[in-house]
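Structural characterization, general
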Amino acid sequence: MNSMKDTLKETLPQPMVSFGKRVLNGYPSLIMSSLREARRFNKAYAKDSATGAEQLEARMVYFTHQIEKGLSHKQFRYGFGKKPLRNLSEVMARYRKANPDYETRVSYVSAMATVGEYVRRHAGHDADLRYVSSLFPPDLLRSAEWIGHKEGGSLSFSRDEKRRNSTLPFRQLNEHRHSIREFAETPITLAQLQPAIESAMRTPSVCNRQPTRVRVILNKDVIEKALSIQGGLNGYPTPPALILLTADNRVFMAPQEHNEGYTDAGLFGMNLLLALEAEGIGSCPLNTMFRKGPERATRALLGIPANESLVMYIAVGHFPEECTTCVSRRLPAEDIVTVIE
Ligand SMILES: Cc1cc2nc3c(=O)[nH]c(=O)nc-3n(C[C@H](O)[C@H](O)[C@H](O)COP(=O)(O)O)c2cc1C
């Protein structure tokens, strides 16, 4: 039986069919799908005014992460993070109201553990401790003291633990990878990065069209300028190398593929992070989801043409002798897995 599409193709005059195809495969269709996405995203995302438990939880994780980053700085700055602490205390209070089961949530426990470490690390710094006490309820602070250090805050390991990385079974390699934001001062060369990049080239992509483009930035001045626009590594020393992953949209063939580059280059990014880890090289993905001004400045600085979408940076370098980073506690699998039987 002929489908409606086939019938129309057979009965309508050819110029009309071509016009219809152009509309379906062209700019109007792209605009419509972008509008649909914008509507869906706007209803869902965790904006300041969000009241849903899921959005409040996401904001709680975000502020927890900001404190975790402060706790993992090599040059610890006493009294850091006044604003994120205040934001965290406010969002935790709102979350307690939005979700009566808040105490069972990994993200809530992780937030408490992070506050607990903040308090422990500020022992003897009474003004900072008074500030924390003014924000959080006393019973929360008492419980926070007893939460295990694996639930949130910072974690440390030594460079020696990474020496066997190339021989580790996948699961172990994956579990022990952490984002590294402070690297050894030793420079890193393209030759040292090449094996990981080549390994990441095995990443699958839609119909093997391989949109990912890789820029390896080794010039300190350019790295500093790029990161000062990006902002996510503020307060850290400049990493020895910065990789930018983009997606070349010229490989795509239809409007509905307009986000495919983010998927494909995102997969490439994860493969690259693990390949670097296997080579005993530290890394941290950094977001490039910019507003118009920073995007324009980044494109101008690095000469990125309009046909490429920025997907992510990856800061790269050798592990320092002692590494401290964020716990970044993960949600339990049952929170994210839905079985459709
Ligand atoms: C796309 C992406 C963007 C990120 N952007 C930043 C960033 O701007 N600054 C930062 O310090 N970390 C950034 N991260 C690192 C995350 O904070 C980190 O991956 C997360 O907390 C999980 O921790 P882990 O990588 O140690 O397992 C980013 C991660 C991803 C995947």
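Cut-offs and rules
Residues numbered from 1 in each chain as written. Predicted model: local features only at pLDDT ≥ 70, side-chain atom pairs only at ≥ 80, totals over all residues. Heavy atoms only, no water. UniProt positions renumbered as here; feature names shortened; annotations may be inferred. Helix = DSSP H or I, 4+ residues; strand = E, 2+ residues; numbered from the N terminus. Pairing = 2+ DSSP bridges. Axes fitted to C-alpha atoms, helices over the stretch in contact; angles between N-to-C directions. Contact = heavy atoms within 4.5 Å. Phe/Tyr/Trp six-rings, centres within 6.5 Å; stacked < 30°, edge-to-face > 60°. Buried < 20%, exposed > 50% of the residue type's maximum accessible area, 1.4 Å probe, protein only. Polar contact = N/O pair within 3.5 Å; in protein donor to acceptor, adjacent residues only side chain to side chain. Parallel < 35°, antiparallel > 145°, perpendicular 65-115°, else oblique. Left-handed = near helix turned anticlockwise from the far one by under 90°. Nonpolar A, V, L, I, M, F, W, Y, C, P; charged D, E, K, R; others polar. Near = heavy atom within 4 Å. Areas by Shrake-Rupley, 256 points an atom, 1.4 Å probe, with all protein chains shown as cover. 1 Å grid on protein atoms, 1.4 Å probe; cavity = no way out; pocket = protein on both sides within 12 Å on 5 of 7 lines; lining within 4 Å. Sits in = over half its atoms within 2 Å of the grid points.

Per an unreviewed UniProt entry, the protein chain carries the name Nitroreductase and comes from Bifidobacterium italicum.

A few words now on the UniProt feature "domain: Nitroreductase" (unreviewed entry) in the protein chain. Under the UniProt annotation, "domain: Nitroreductase" (unreviewed entry) lies at residues 176–226 and 240–318. In residues 176–226, helix accounts for 37% and strand for 12%; the two terminal C-alpha atoms are 28 Å from one another. Between the end C-alpha atoms of residues 240–318 the distance is 8 Å, and the span holds 38% helix and 33% strand.

Okay, the sheet that holds strand β2 (residues 212–217) next. Spatially, four strands are ordered β2-β3-β5-β4 in an open sheet, and the strand pairing comes out antiparallel. Edge positions in the open sheet fall to β2 and β4 (281–287), since each of these has one partner strand only. When strand polarity is set aside, the average angle formed by the axes of neighbouring strands in this sheet is 25°. In this sheet, strand β3 (residues 241–248) lies alongside β2 in antiparallel orientation, the contact comprising six bridges. If you follow R215 over to β3, its bridge partner there is L244. Strand contacts of helix α12 (residues 260–278): β2, β3, β4 and β5 (308–318), with the helix running at about 5° to β5, the strand carrying the most contacts.

The subject of this paragraph is the packing of aromatic side chains. Tallied over the entire structure, the rule returns eight aromatic pairs. Between F41 and Y45, the ring centres sit 5.1 Å apart and the planes meet at 10°, which makes this aromatic pair stacked. Since its relative accessible area comes to 36%, Y45 is described here as partly exposed. Relative to F80, the ring of F76 has its centre 5.7 Å away and its plane inclined at 80°; by these criteria the two rings are edge-to-face.

Moving on to the environment of S33. Looking at the secondary structure, you find S33 in helix α3 (residues 27–44). A sequence separation of 49 residues divides S33 from K82, and the C-alpha atoms of the two residues are 41 Å apart. Within the structure, the side chain of S33 is placed 3.3 Å from the backbone oxygen of L30, a separation counted as a polar contact.

In contact at an axis separation of 9 Å, helix α4 (residues 53–71) and helix α5 (residues 82–98) are set at 155° when each is read in the N-to-C sense. When the axis of α4 is compared with that of α5, the two are roughly antiparallel. The handedness of the crossing between α4 and α5 comes out as left-handed. Contact residues: A53, L56, E57, R59, M60, F63, T64, Q66 and I67 in α4; P84, L85, N87, L88, V91, M92, R94, Y95 and A98 in α5. Among the residues making up the contact of α4 with α5, the classes are represented as 12 nonpolar, three polar and three charged.

Lining the immediate surroundings of the ligand are 14 residues, of which K69, S179, R181, S328 and R330 lie closest. The side chain of K69 places a nitrogen or oxygen atom 2.8 Å from an oxygen atom of the ligand. The side chain of S179 places a nitrogen or oxygen atom 2.6 Å from an oxygen atom of the ligand. For the ligand, whose accessible area on its own is 620 Å², the fraction buried by protein is 73%. Under a 2 Å grid-point criterion requiring more than half of the atoms, the pocket assigned to the ligand is the largest pocket. Secondary structure elements with two or more residues in the shell around the ligand: α4 and β4. Sorting elements by how many residues they give to the shell around the ligand places β4 first, with four residues. In the shell around the ligand, the residues fall into three nonpolar, seven polar and four charged.

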